[in-house]
Amino acid sequence: MVYSFIDLAFDVLKAATQPLTYQEIWQAGQQAGLASRLRTAGKTPWNTLGAQLYVDVRDNDSSRFVKIGKNPARFF
């Protein structure tokens, strides 16, 4: 199975004690070495992560994530 941005977010948020922005999720994923498992060649992978989280929460009734707030939005 291919490791995805959603998998990275889930792994980071499993260990988080508070909601995080998508940028904080990306930074924590990099520090934990999870970002290197992704197969992406994009210049702004943190924006891809954010977009996928927003879409997952908006369109998926059984999403594993909860969006909290608006500016900035945080995920848990």
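What comes next concerns the included structure.

### Observations regarding the overall build of the chain
Link 1 in the chain: For the chain, the helix and strand inventory stands at three helices and two strands.
Link 2 in the chain: Taken from the N to the C terminus, the helices and strands of the chain come in the order α-α-α-β-β.
Link 3 in the chain: For 76 residues, the compact-globule estimate of 2.2 N^0.38 gives 11 Å, and the C-alpha radius of gyration of the chain, at 12 Å, lies within 12% of that figure.
Link 4 in the chain: With the principal axes as the frame, the chain shows a C-alpha extent of 30 × 25 × 25 Å.
Link 5 in the chain: By residue count, 36% of the 76 residues in the chain fall in the buried class.

### Description of the packing of helix 2 (residues 22-31) against helix 3 (residues 45-59)
What describes two packed helices is the angle between their axes and the distance between those same axes.
Link 1 in the chain: The interhelical angle for the contact between helix 2 and helix 3, taken along N-to-C directions, is 125°, at an axis separation of 9 Å. One way to sum up the angle between helix 2 and helix 3 is to call them oblique. As for how helix 2 packs across helix 3, the hand of that crossing is right-handed. Contacts between helix 2 and helix 3 involve Tyr 22, Ile 25 and Trp 26 from the former and Pro 45, Trp 46, Asn 47, Leu 49, Gly 50, Leu 53 and Tyr 54 from the latter.
Link 2 in the chain: Looking at the contact of helix 2 with helix 3 residue by residue, the class counts come to eight nonpolar, two polar and no charged.

### Brief notes about the pattern of salt bridges
Link 1 in the chain: Evaluation of the coordinates by the stated rule reveals four salt bridges.
Link 2 in the chain: Across the pair Lys 14 and Asp 11 runs a salt bridge, and its minimum N-O distance is 3.7 Å. With Lys 14 and Asp 11 both in helix 1 (residues 5-15) and three residues apart, the pair spans about one turn of that helix.
Link 3 in the chain: Look at Asp 11 and you get partly exposed, because its relative accessible area is 24%.

### Concerning unusual backbone geometry
Across residues other than glycine, the phi torsion is negative in most instances, and most of the peptide bonds are trans.
Link 1 in the chain: The residue after Asn 71, namely Pro 72, is reached through a cis peptide bond having omega 5°.
Link 2 in the chain: In this structure, Pro 72 sits in the loop between strand 1 (67-68) and strand 2 (74-75).

### Some details on the packing of aromatic side chains
Link 1 in the chain: If you walk through the whole model with that rule in mind, you get three aromatic pairs.
Link 2 in the chain: Relative to Phe 75, the ring of Tyr 54 lies with its centre 5.3 Å away and its plane at 80°, an arrangement referred to as edge-to-face. Of this pair, Tyr 54 sits in helix 3 while Phe 75 sits in strand 2; the two residues are 21 residues apart in sequence, bridging distant segments of the chain.
Link 3 in the chain: With relative accessibility at 31%, the residue Tyr 54 sits in the partly exposed group.
Link 4 in the chain: Counting every residue linked through ring pairs, the aromatic cluster contains Tyr 22, Tyr 54 and Phe 75.

The rules behind these values
- Residues numbered from 1 in each chain as written.
- Predicted model: local features only at pLDDT ≥ 70, side-chain atom pairs only at ≥ 80, totals over all residues.
- Heavy atoms only, no water.
- Helix = DSSP H or I, 4+ residues; strand = E, 2+ residues; numbered from the N terminus.
- Rg over C-alpha atoms; globule rule 2.2 N^0.38 Å.
- Buried < 20%, exposed > 50% of the residue type's maximum accessible area, 1.4 Å probe, protein only.
- Axes fitted to C-alpha atoms, helices over the stretch in contact; angles between N-to-C directions.
- Parallel < 35°, antiparallel > 145°, perpendicular 65-115°, else oblique.
- Left-handed = near helix turned anticlockwise from the far one by under 90°.
- Contact = heavy atoms within 4.5 Å.
- Nonpolar A, V, L, I, M, F, W, Y, C, P; charged D, E, K, R; others polar.
- Salt bridge = Lys/Arg side-chain N within 4 Å of Asp/Glu carboxyl O.
- Phe/Tyr/Trp six-rings, centres within 6.5 Å; stacked < 30°, edge-to-face > 60°.

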